[in-house]
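# Coordinate inspection notes
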2 protein chains.
Amino acid sequence: MTDLLALTAELVDIASVSHHEQVLADHLESFLRPVAGLEVVRHGDNVVARTRLGRRFRLILAGHLDTVPADGNARARVVGDTVHGLGASDMKSGLAVFLELARAEAEPAVDLTYLFYAGEEVESRHNGLGHLARDHPELLVADAAILGEPTNGAIEAGCQGTLRLAVTTRGRRAHTARPWMGDNAVHRLGPLLSLVSGYVGRRPALSGCEFAEALQAVAVEGGVAANVVPDEARLTLNHRFAPDRTPEEAEGHLRHLLAPALGPHDTVEVVDVAPGAPPALDHPLLAALVEGAGLEVRAKLGWTDVARFATLGIPACNLGPGDPTLAHRADERAERALIESTFAALRRLITTEP
Amino acid sequence: MTDLLALTAELVDIASVSHHEQVLADHLESFLRPVAGLEVVRHGDNVVARTRLGRRFRLILAGHLDTVPADGNARARVVGDTVHGLGASDMKSGLAVFLELARAEAEPAVDLTYLFYAGEEVESRHNGLGHLARDHPELLVADAAILGEPTNGAIEAGCQGTLRLAVTTRGRRAHTARPWMGDNAVHRLGPLLSLVSGYVGRRPALSGCEFAEALQAVAVEGGVAANVVPDEARLTLNHRFAPDRTPEEAEGHLRHLLAPALGPHDTVEVVDVAPGAPPALDHPLLAALVEGAGLEVRAKLGWTDVARFATLGIPACNLGPGDPTLAHRADERAERALIESTFAALRRLITTEP
């Protein structure tokens, strides 16, 4: 069998920062085209490979090609059973697992659609899954989907929604030697920050998975000049909400929370929002994955393309060998044991008659 | 007598935003050179005109040429007895008073040094008074000084010091879906802002003048990315302190105030500082000004070049026809009555044997 740690290192060494996935897409395309039984379609820097075996079920195995920018970790480094480097966790170890499944299993018990796509780490409009859904919806027809996002080899079900709000406080300028002539918009952030930092998120359990809501300030800015009482300040908040709430409900909840700290001229506006997705492990394929491999099941707290599949009506979950807490960090890495156990769990799933 | 409102309008119409005072300096130089009994020295865009009458006392009348940038008010507009326009208050109405005194009083009872200087509204290193003190200290020899900064025609004694501090809070980055893995540096601004906005400044009375200390946030910034718990935030504070405190005492006071809201990795650094100056109305010339004109006397809350004269050992005060609350505003303006009464008070002073 292929050395999956070495294959991960090989993929890490092919740089693929968002918007620069072409070389990696070329590499995967030339890897997949010779594989017997796979139909390969290239669309931009997205590579789709499908079996056409006429099985009862079709399963999507999807992974994004892109990484965030390097942080001194652009080259792969293998130390013992660990591969260090940009994307090792998020999610080139997951890509390695999918590539080896595609190579090794020519006649799986379920039809497979491998989706290797670009533009996941950046604004939604660049997302390759979105481009495929728009331009080639026929390629996204499937009964279930598994995303190879880092989950430490566990199944992370559903995903939380994400809502970004910008709060603008407004006051009145004055000279700082006579501040009582004005109204300091930066001072007015104090009570807002107290509400935000004291926020206790709900932890609802859905289908046995406990989600954990959160509210964080992610940016703050304000100021006119060194001797001027500022008349405007802006606080940007990121709220992660469990999938039992719609984006509208989450927004209403936050507006209600913040209202006591807002003045009549302050405003709250939605910067962006993406719905969550409830756990969807009832489908026989995903149920078989859970039961067959005895994997831990928990809620996905971050937002992933599981939500995009949910809007397409495709039940999906996350399963990947990377460590989500190491994603986007300089010390990003992946472990051989988790890469191999994830491979084994997926191989068992696709070779067993459902 | 010259129409001082018209003269102010004429000066407003000669643009002199900081670093671009040359045309106005040329204008004043050519106005002053023909005046009998005045020795005129040009140094950069600073114009100094002196009588050499051998009087017992020498008084400096000083005013800066520069204005802040225009805000739709670059041209003068006279409506009734009001002149509107950039610098009308700060401080071309004051310059008009000094120019008319220079023209009208060829043989005053005190020797006079008129200082028209550049670069007051910008960083201290551009200040023309500083350049003169460095390059021509002999031109700054005097017994007392009056600055024509806007005071609404009252005497504003001394000035408060100003201290700018940057507070940097430091935390730990994490994904906003798992904020408990990090420490939000922006949230930590909340308690700091509570301390700052709740600050009650001292109001010490010095030589009968009540000062009013203040503490204001003037800038705030922080944030890494839309989905990242920020690990650093920066809050800039401006403290105005009464002249019974040294800059070091003011800094110590603030550090003590802020300490309860600071963590072990947070830092407080001085961005810039300028000492205040206590009221100095004991000199016979300034005492005569107060008594002769029956002017209201109060503390100057802002920082002015009175502090620069204080460090040169020259007792000084502020007296100008402008309204300090209108300085640096789009609706800046000056009133005929105050321009004329200020002129009358100064004329009485310089024509009376002290």
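Because the structure is predicted, anything quoted here is derived from the model rather than measured.

### Quick word on empty space enclosed by the protein
For the structure on display, the rule yields one cavity of 30 Å³ or more. Of the volumes computed, that of the largest cavity is approximately 40 Å³. Class assignment for the residues of the lining of the largest cavity results in seven nonpolar, two polar and one charged.

### Looking at the relation of the copies chain A and chain B
Once turned by 180 degrees and shifted 0.1 Å along the axis, chain A lies on chain B with an RMSD of 0.1 Å. A rotation of that kind, with that shift, is consistent with a two-fold axis.

### Side note on helix α2 (residues 22-32) of chain A
Residue and element names in this part refer to chain A. Here α2 has its buried residues at Leu24, Ala25, Leu28, Glu29 and Leu32. Projected onto a plane normal to the axis of α2, the buried residues spread over an arc of 135 degrees and lie on a single side. Where α2 is buried, its residues contact α1 (4-12), β1 (39-43), β2 (46-50), α3 (88-104) and β6 (111-117).

### Notes on helix α7 (residues 284-293) of chain A
Each full turn of the α-helix corresponds to 3.6 residues, which orients residues three or four apart in the same direction. All names here are of chain A. Of all the positions in α7, only Leu285, Leu286, Ala287 and Leu289 are classed as buried. Tucked into the core, α7 has its buried residues touching β3 (58-64), β7 (144-147), β8 (155-157), β18 (316-318) and α9 (336-351). Directly beyond the C-terminal end of α7, a positive phi value near 60 degrees is found at Gly294.

### Observations concerning the sheet that holds β18(A)
All names here are of chain A. A sheet is described by the order of its strands in space; here eight strands give the open sequence β1-β2-β6-β3-β7-β18-β8-β17, paired in mixed fashion. Each end of this open sheet is capped by a strand with a single partner; those strands are β1 and β17 (297-299). Ignoring strand direction, the axes of neighbouring strands in this sheet form an average angle of 25 degrees. When β8 meets β17, the two strands line up parallel, connected through three bridges. Within the sheet, the bridge partner assigned to Glu156 lies in β17 and is Arg298. Set on the sheet, α2 makes contact with β1, β2 and β6; between it and β1 the angle comes to about 165 degrees. Against the sheet, α9 touches β3, β6 and β7, its axis set at about 155 degrees to β3.

### Structural notes on the interface of chain A and chain B
Contact with chain A, which involves 41 residues of that partner, is made by 41 residues of chain B. When the buried surface of chain A facing chain B is broken down by residue, His187(A), Gln216(A) and Val220(A) rank first, second and third, together holding 18% of it. At the junction of chain A with chain B, the criterion picks out zero salt bridges. Tallying contributions element by element places strand β13 (residues 214-223) of chain A first for the side of chain A that touches chain B, with ten residues. Relative to strand β13 (residues 214-223) of chain B, β13(A) is paired through five bridges, and the arrangement is antiparallel. Along β13(B), the bridge assignment pairs Gly223(A) with Ala219(B).

### Some thoughts on the sheet that holds strand β3 (residues 58-64) of chain B
Residue and element names in this part refer to chain B. Strand order in the open sheet formed by eight strands is β1-β2-β6-β3-β7-β18-β8-β17, with mixed pairing between adjacent strands. Both outer strands of the open sheet, β1 (39-43) and β17 (297-299), are each paired with one neighbouring strand and no more. When strand polarity is set aside, the average angle formed by the axes of neighbouring strands in this sheet is 25 degrees. Where β1 lies against strand β2 (residues 46-50), five bridges are found, and the strand directions are antiparallel. Looking at the pairing, Val41 lines up with Val48 of β2. Relative to β3, helix α3 (residues 88-104) is tilted by about 140 degrees, and along the sheet it contacts β3, β6 (111-117) and β7 (144-147). Of the strands in this sheet, β3, β7, β8 (155-157), β17 and β18 (316-318) touch helix α7 (residues 284-293), which is tilted by about 45 degrees from β7.

### So, the pattern of salt bridges
Residue and element names in this part refer to chain B. Across all of its chains, the model carries 64 salt bridges over all chains by this definition. Among the ionic pairs, Arg336 bridges to Asp81, the shortest N-O distance being 2.8 Å. Here the residue Arg336 occupies a position in helix α9 (residues 336-351), and Asp81 occupies one in the loop between β4 (77-79) and β5 (82-84), the gap between them amounting to 255 residues. A salt bridge links Asp331 to Arg329, with the nearest nitrogen and oxygen atoms 3.1 Å apart. The class for Asp331 is partly exposed, based on a relative accessible area of 34%.

### Considerations on the side chain of Thr151(B)
Considering the arrangement of structural elements, one finds Thr151(B) in the loop between β7 and β8. Apart from residues no more than four positions distant in its own chain, Thr151(B) is found in contact with Glu156(B), Arg298(B), Lys300(B), Asn318(B), Leu319(B), Gly320(B), Gly322(B) and Pro324(B).

### Section: the side chain of Thr168(A)
By the secondary structure assignment, Thr168(A) is in strand β9 (residues 161-170). Beyond its immediate sequence surroundings of up to four residues, Thr168(A) is in contact with Glu232(A), Ala233(A), Arg234(A), Asp266(A) and Thr267(A).

### Structural notes on unusual backbone geometry
The peptide bond linking Asp90(A) to Met91(A) adopts the cis configuration, its omega dihedral lying at 0 degrees. Considering the arrangement of structural elements, one finds Met91(A) in helix α3. Despite not being glycine, His19(B) has its phi angle at roughly 80 degrees, a positive value. Here His19(B) lies in the loop between α1 (4-12) and α2 (22-32).

The rules we used
- Residues numbered from 1 in each chain as written.
- Chains lettered and ligands numbered in written order.
- Predicted model: local features only at pLDDT ≥ 70, side-chain atom pairs only at ≥ 80, totals over all residues.
- Heavy atoms only, no water.
- 1 Å grid on protein atoms, 1.4 Å probe; cavity = no way out; pocket = protein on both sides within 12 Å on 5 of 7 lines; lining within 4 Å.
- Points joined across faces, edges and corners; volume = space filled by probe spheres on them.
- Nonpolar A, V, L, I, M, F, W, Y, C, P; charged D, E, K, R; others polar.
- Least-squares fit on C-alpha atoms with pLDDT ≥ 70 in both.
- Buried < 20%, exposed > 50% of the residue type's maximum accessible area, 1.4 Å probe, protein only.
- Helix = DSSP H or I, 4+ residues; strand = E, 2+ residues; numbered from the N terminus.
- Arc of directions from axis to C-beta.
- Contact = heavy atoms within 4.5 Å.
- Pairing = 2+ DSSP bridges.
- Axes fitted to C-alpha atoms, helices over the stretch in contact; angles between N-to-C directions.
- Buried area = accessible area lost by both parts, 1.4 Å probe.
- Salt bridge = Lys/Arg side-chain N within 4 Å of Asp/Glu carboxyl O.

These figures capture arrangement, not role.
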